[in-house]
Amino acid sequence: MKGRVFEIREFTLHDGPGVRTTVFLKGCPLRCAWCHNPEGQRFEVETMRRRDGEEIPCGVDWEASALARELLINADIMLQSGGGVTFSGGEPLAQAEFVCEVSDLLHAHGIHLAIETSGHAPQEDFRSVVSRMDFVYQDLKHHDADAFRRWTGGDLALVLENVTWLRTSGVPFVFRVPLIPGVNDSAADRAALEALAAGAKVEWLPYNAAAGAKYPMLGRAYPLAKRGD
Ligand code: SF4
């Protein structure tokens, strides 16, 4: 089957162990106000226009087998370094069947697989993809359902249901919290997020001050622009 990808980044060092290739899948059900990959949000193919006029196409359709072949070009260095492939986005779970097919092809070659996910996906999609992974980076964006809906457009209960299953799945994971000024970075917010993590490891990610950079290239306004970005 086919899936839509907006970037394949080779030799990444921060998306899991060893030397990795990160695949950015296009499309996401959320609209986080601080999203620094807005070209990954919409499912349709788009074009980013740089200031110098260069046009960058965002969204290429791949057959699962062709994508696996492309990723396996770096198999030797992945295997030697203890690295692998990381699925990111956008939201990779929004193309769950495609990710499963690519994952099975890669696992057959012994490739370590990781995923970066918001966890905002139907249970069956979350379970089928995550059970194929060797490691999960699970976002925790907010602890309060109203704030979660306000800042991401999503349903926190859906994420927490999936997190509950993740804890029992046996798949190693870490929570990642993007700390957004005025959204989830107060002492009370951090304490509530720690409580939600319930002893699991949490990586606190500093706010990316350049997060708004790509919005003008897509003809859109950065939702947090009024904060001075
Ligand atoms: S879940 Fe990720 S890709 Fe989707 S809107 Fe939020 S930050 Fe962007």
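In this report, we go over the structure that sits alongside the text. Since the structure is predicted, the reported quantities are computational estimates derived from the model, not experimental observations.

1. Comments concerning the overall build of the protein chain
Right, on to step 1. Within the protein chain, the secondary structure is distributed over seven helices and 10 strands.
Right, on to step 2. Here the C-alpha radius of gyration of the protein chain, 17 Å, is about what a compact globule of 229 residues would show, namely 17 Å.
Right, on to step 3. Its C-alpha atoms give the protein chain principal-axis dimensions of roughly 50 × 45 × 30 Å.
Right, on to step 4. Among the 229 residues that make up the protein chain, the fraction classed as buried is 40%.

2. What about the sheet that holds strand β9 (residues 173–178)?
Right, on to step 1. Taken in spatial order, the eight strands of this open sheet run β5-β1-β2-β6-β7-β8-β9-β10, and their pairing is mixed. The open sheet terminates on both sides in strands that have one partner only, identified here as β5 (60–63) and β10 (202–205). Sheet twist, expressed as the average angle between the axes of neighbouring strands with direction ignored, equals 30 degrees.
Right, on to step 2. Where strand β7 (residues 112–117) meets strand β8 (residues 135–139), four bridges bridge the pair, whose relative direction is parallel. For Ile 115, the partnering residue across the bridge sits in β8 and is Val 136.
Right, on to step 3. Where helix α3 (residues 96–107) meets the sheet, it contacts β1 (2–12), β6 (84–89) and β7, and its direction lies at approximately 155 degrees from that of β7.

3. With respect to the site of the ligand
Right, on to step 1. Around the ligand sit Cys 28, Leu 30, Arg 31, Cys 32, Cys 35, Asn 37, Gly 40, Gln 41, Gly 89, Gly 90, Glu 91 and Ser 118, and that is every residue in its neighbourhood.
Right, on to step 2. For the shell around the ligand, a count of residues per class yields four nonpolar, six polar and two charged.

4. Some thoughts on the nonpolar core
Right, on to step 1. Judged by nonpolar contacts, the single largest core of 46 residues is most densely connected at Leu 106, Ile 115, Val 129, Val 130 and Met 133.
Right, on to step 2. Here the element with the most residues in this core is α3; it accounts for five residues.
Right, on to step 3. Contact partners of Val 129, with chain neighbours within four places excluded, come to Leu 93, Ala 96, Val 99, Cys 100 and Ile 115.

Criteria and thresholds
- Residues numbered from 1 in each chain as written.
- Predicted model: local features only at pLDDT ≥ 70, side-chain atom pairs only at ≥ 80, totals over all residues.
- Helix = DSSP H or I, 4+ residues; strand = E, 2+ residues; numbered from the N terminus.
- Rg over C-alpha atoms; globule rule 2.2 N^0.38 Å.
- Buried ≥ 20, exposed ≤ 12 C-beta atoms within 10 Å, placed from the backbone.
- Pairing = 2+ DSSP bridges.
- Axes fitted to C-alpha atoms, helices over the stretch in contact; angles between N-to-C directions.
- Contact = placed C-beta atoms within 7 Å.
- Near = placed C-beta within 6 Å.
- Nonpolar A, V, L, I, M, F, W, Y, C, P; charged D, E, K, R; others polar.
- Core = buried A, V, L, I, M, F, W, Y, C linked by C-beta atoms within 7 Å.

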